Amino acid sequence: MGGRLFARKPVAHVQAEFHTGEMKRTLGPFNLVSLGVGAIIGAGIFVMTGQAAAVYAGPAVAISFVIAGIACTFAALCYAELASTIPVSGSAYSYAYVTMGEVFAWTMGWLLLLEYGLAASTVAAGWTGYVVSLLHDFGLIIPPQFAESMFQYQDGALVNTGHINLVGAAGILAVSLLLVVGVSESAVVNNIIVAIKVIVLLAFIAIGVTYVNPANWDPFVPPNEGGAHFGPQGVLRAASVVFFAYVGFEAVSTAAGEARNPQRDLPIGILGSLVICTLIYMAVAMVMTGVVPFRELGVPAPIAVAIDRMNPEWAMIPWANSETGTLNILSLLIKIGAFAGLTSVMLVLIYAQTRVFYQMARDGLIPGFFANIHKTFKTPAMGTIVLGILIAIAAALLPLGVLGDLVSLGTALAFAIVCISVMYMRSAHPEIARPFKVPLYPITPILGVIACVMFMMGPILIGLASQATGIDYWAVIFGGTGTVTREYLPTILLVSYVVIGALVYAFYGFRNSKLTHTDAK
Ligand code: ALA
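Calculation notes
- Residues numbered from 1 in each chain as written.
- Predicted model: local features only at pLDDT ≥ 70, side-chain atom pairs only at ≥ 80, totals over all residues.
- Heavy atoms only, no water.
- Helix = DSSP H or I, 4+ residues; strand = E, 2+ residues; numbered from the N terminus.
- Buried < 20%, exposed > 50% of the residue type's maximum accessible area, 1.4 Å probe, protein only.
- Contact = heavy atoms within 4.5 Å.
- Expected span 1.5 Å × (residues − 1).
- Bend = angle between axes of the 7 residues up to and from the residue.
- Salt bridge = Lys/Arg side-chain N within 4 Å of Asp/Glu carboxyl O.
- Disulfide = S-S within 2.5 Å.
- Near = heavy atom within 4 Å.
- Areas by Shrake-Rupley, 256 points an atom, 1.4 Å probe, with all protein chains shown as cover.
- Nonpolar A, V, L, I, M, F, W, Y, C, P; charged D, E, K, R; others polar.

### With respect to the environment of G337
With respect to the helices and strands, the residue G337 is situated in helix α13 (residues 329-362). Since its relative accessible area comes to 0%, G337 is described here as buried. As a C-alpha pair, G337 and Y130 span 207 residues in sequence and 9.7 Å in three-dimensional space. Not counting residues within four places of it along the chain, the set of residues in contact with G337 comprises F46, I196, K197 and V200.

Given below as structure tokens:
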């Protein structure tokens, strides 16, 4: 049984699968970079930056972006090496299957459901805020009952509000339908949307820089106010929050089955999109905290707040629907850009999730319908619809902060496993051709593991050290108002999630695995 748990897929087997895939090969380097930027720039910059600055880091949130960006670069280099060596759909899941064996592959696939699926729910929560605000500008008021998650933090405690985020759930379902129709159609839509959101952020930087008041950057690292509130601890905690802003760069690697020339283009797609996004994030963070005093940024749409603070005269137009009779057209454009940007993130994340499950189903670890390819659309249509429904339910129920922390925890764990896989492959299979190699090996993957563990321990340690008054989360789920502290919950949820995963593997994956029933080595 131990042998079966650690059965590894032979590398040749994986490379052969790559040549027998049923999906269309339509994506070139431009589309792959665009896919990456589409996945990366989203709720992290449009929503969470403000919170990270207001609560944890102040103007030094720009440093937090650099720290998180460097950590992601280590992991990205490892992804690029594995993606160019083992170009299959399924990303880190497939890499783990080849390197460390089935039980690790399963764990990785299960974690990727957090990284992609739940990240899409997180983004849908941020997307809802911008949709509500946009519709408000046009005179349409969406009642909070339909635009807020069922569970919310109020005064530090998690409460069951009885609301349901139907707006976010509808967004997820709409995006899922687009993916059912086919990836190349979606790639065109994706390219257009990516262009819009990049232009919007560049415009924000270019206009905002003329409104910066350097006094707002002083002190750049505000003194610690206890716990992880400001000071160096706060900068690190903010890095673990804005880490979410980078989640998605490796979604490019899940497109290996649909890339025209994966060996050359996947590394370009992964590293290119990461560098572009890091530069944009730092500039946006500097402008945002330079225009608005950081304590005022803890709002659902911080970029829009910064634009309102600039209030350039040329951007004000008469507008019957607004209380003041005028509308800041720049703010409207930013909201439209955010709406488009967050939509594209949901698109890429759900795309990546369906491809991971496609591969897991081909391997027999989850039910086969996730790998059924629709005859006309040539996409895993049924799997996409089922996943879309699950992701929509999470978006309807859980608040953005909890979802975001959970995604960051699961993702950091997945990245660490990827860095370890690179080291395993180098020692176990030195003979395999590697079109892309990690520079400064083995320092880069080792630093990647250390950085990821640090990100995971941040929220966990702070949670354990916080003045928790008790954990009563069943009471909350069944309608009460318990006292689940903000910092504890993601750890509790992650552990519960991993335990459920182990049960699913024991009762389904282990029994149905094609590898252990045919050619385990
Ligand atoms: N990085 C993506 C975002 O910030 C997931 O929304």
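Back to the write-up after that little detour.
### Concerning helix α7 (residues 102-137)
Look at α7: 52 Å from first C-alpha to last across 36 residues, which is about the 52 Å you get at 1.5 Å a residue. At L118, α7 shows its strongest bend, of approximately 30°. Among the 36 residues that make up α7, 28 are buried, leaving the element largely enclosed by the rest of the structure.

### Some thoughts on the pattern of salt bridges
Inspection of the entire model under this criterion finds five salt bridges. As a salt-bridge pair, D137 and K335 come within 2.9 Å of each other at their nearest N and O atoms. Here D137, found in helix α7, pairs with K335, found in helix α13; they are 198 residues apart in sequence, far enough to count as distant. By the burial criterion, D137 is buried, and K335 matches it.

### Things to note about the state of the cysteines
For the structure on display, the rule yields zero disulfides. Among the cysteines around C78, which has no disulfide bond, C419 carries the closest sulfur, lying 3.8 Å off. Here C78 falls in the buried class, since its relative accessible area comes to 0%. C452 forms no disulfide, and the closest cysteine sulfur to it belongs to C419, at a distance of 5.4 Å.

### Examining the site of the ligand
Every residue lining the ligand is accounted for by A39, I40, G42, A43, G44, V123, F244, A245, Y246, V247 and V345. Alone, the ligand offers 220 Å² of accessible surface; in the complex the protein occludes 100% of this. Listed by contribution, the elements that provide at least two residues to the shell around the ligand are α3 (29-40) and α4 (43-57). Of the residues assigned to the shell around the ligand, the class counts are nine nonpolar, two polar and no charged.

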